[in-house]
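Analysis of the macromolecular model
Each chain is listed here by its residues.
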Amino acid sequence: MISPSFRPRRSCLYMPASNARALEKAKTLAADTIILDLEDAVAPDAKTSARDAACQALAEGGYGNREMIVRVNAMDTPWFTDDIKSICASNANGLLVPKIHSAADIVKISGFIDREGAHGDLQLWAMIEMPIAVLNIAQIAETASATRLTTFVMGFNDLAKEMRAEHDRTLFTPAISQTIMAGRAFDLNILDSVYNDFKDPEGFEQECRRAKAFGFDGKTLIHPAQIEIANREFAPDDSKVAKARAIIAAFKDPANAGKGVITVDGKMTEILHLRQAEQTIALAEAISAASR
Ligand code: COA
Ligand code: MG
């Protein structure tokens, strides 16, 4: 069942909340989601002013129907409590917490958000970037039914550092696979990590294709030049939409009433393909509804 609040998250652009020019520019960019960063992209001396700038930008608005997320500082930092309190008092769509370790972290943060009296739709997003989080991923995902958790965001810069690995995508395949399995088992959105080399559009496009093939809903981005490619690569293309419509129409055909398996365009087509087709159409419709 696809929720009526379903929205595309093909392109989720980070920007340091301390960068006033980026915050202003975001109002004109075609990113589905804007992530105002208070964490790694903000120097320690600028943490408080970046938080104030994020709150001011959210209060002033002007971001249309873009989803607005704030990445706060990690739980073990001196800024965490005030970050959460400030964002809970704002109209952000969600907050993204880095360096999550366990299911207990999610339960604790979600309870904190509730006690702060945040609006009911404020989502909790979790960065999956610590080895222990990958090892605990099923339990973390399972908390979603009783907490505000809706989304996993993978972070390979930190994961590589913690693993003492080279930053080579193939090394993260097991982590990607486990995170996607757990996320899907508990109905979460899952966003891929960033592509650091923002001046390499071909490499970025290839990485988007592989990420989509793996099952990611979209990609986190660091530069406006990456938006158009991500929007294109994570959207169902015209032929996929046409095939999906054909499958839906075939199952609606009275001649196929009550059948669990039919032939569409020469291929075996089961109810599971009908469900996939419905998801494709829901995504295509959400994209066109959100288009700006
Ligand atoms: N969001 C919004 N606008 C951005 C942006 C972003 N992430 N990155 C760049 N821009 C804007 C610049 O302000 C500039 O705008 P202007 O032409 O109106 O002045 C334009 O896009 C071109 O920027 P460019 O000169 O190519 O890049 P830069 O040298 O200014 O910045 C980075 C490069 C990497 C420092 C910058 O892209 C950035 O801060 N990215 C996000 C980093 C981040 O948030 N990391 C945390 C998660 S990993
Ligand atoms: Mg990180």
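What you see is a predicted model, and the numbers here were worked out from it, not measured in a lab.

As for the UniProt feature "domain: HpcH/HpaI aldolase/citrate lyase" (unreviewed entry) in the protein chain
When the UniProt feature table is mapped onto this chain numbering, "domain: HpcH/HpaI aldolase/citrate lyase" (unreviewed entry) sits at residues 10–224. Each end of residues 10–224 is marked by a C-alpha atom, and these two atoms are 13 Å apart; helix forms 41% of the span and strand 19%.

Comments concerning the nonpolar core
Judged by nonpolar contacts, the single largest core of 67 residues is most densely connected at Leu36, Ile84, Leu95, Ile113 and Phe152. With near-sequence residues (within four places) excluded, leucine 95 lies in contact with Ile69, Val70, Val72, Ile84, Ile87, Ile113, Leu122, Gln123, Leu124 and Trp125. Ala244, Phe251, Leu274 and Ala277 belong to the second-largest nonpolar core, a separate cluster that totals twelve residues.

With respect to the packing of aromatic side chains
Applying the stated rule across the entire model yields three aromatic pairs. Look at phenylalanine 80 and phenylalanine 112: their rings are 6.2 Å apart centre to centre, the planes differ by 55°, and that puts the pair in the tilted class. One end of the pair, phenylalanine 80, is in helix 3 (residues 80–88); the other, phenylalanine 112, is in helix 4 (residues 103–115), with 32 residues separating them in the sequence. A relative accessible area of 13% places phenylalanine 112 in the buried class. With a centroid separation of 4.5 Å and 5° between ring planes, the pair formed by phenylalanine 156 and phenylalanine 172 is classed as stacked. You can see phenylalanine 156 sitting in helix 7 (residues 156–163) and its partner phenylalanine 172 sitting in the loop between helix 7 and helix 8 (173–185), a full 16 residues away along the chain.

Each value, and the rule that gives it
- Residues numbered from 1 in each chain as written.
- Chains lettered and ligands numbered in written order.
- Predicted model: local features only at pLDDT ≥ 70, side-chain atom pairs only at ≥ 80, totals over all residues.
- Heavy atoms only, no water.
- UniProt positions renumbered as here; feature names shortened; annotations may be inferred.
- Helix = DSSP H or I, 4+ residues; strand = E, 2+ residues; numbered from the N terminus.
- Core = buried A, V, L, I, M, F, W, Y, C linked by side-chain atoms within 4.5 Å.
- Buried < 20%, exposed > 50% of the residue type's maximum accessible area, 1.4 Å probe, protein only.
- Contact = heavy atoms within 4.5 Å.
- Phe/Tyr/Trp six-rings, centres within 6.5 Å; stacked < 30°, edge-to-face > 60°.

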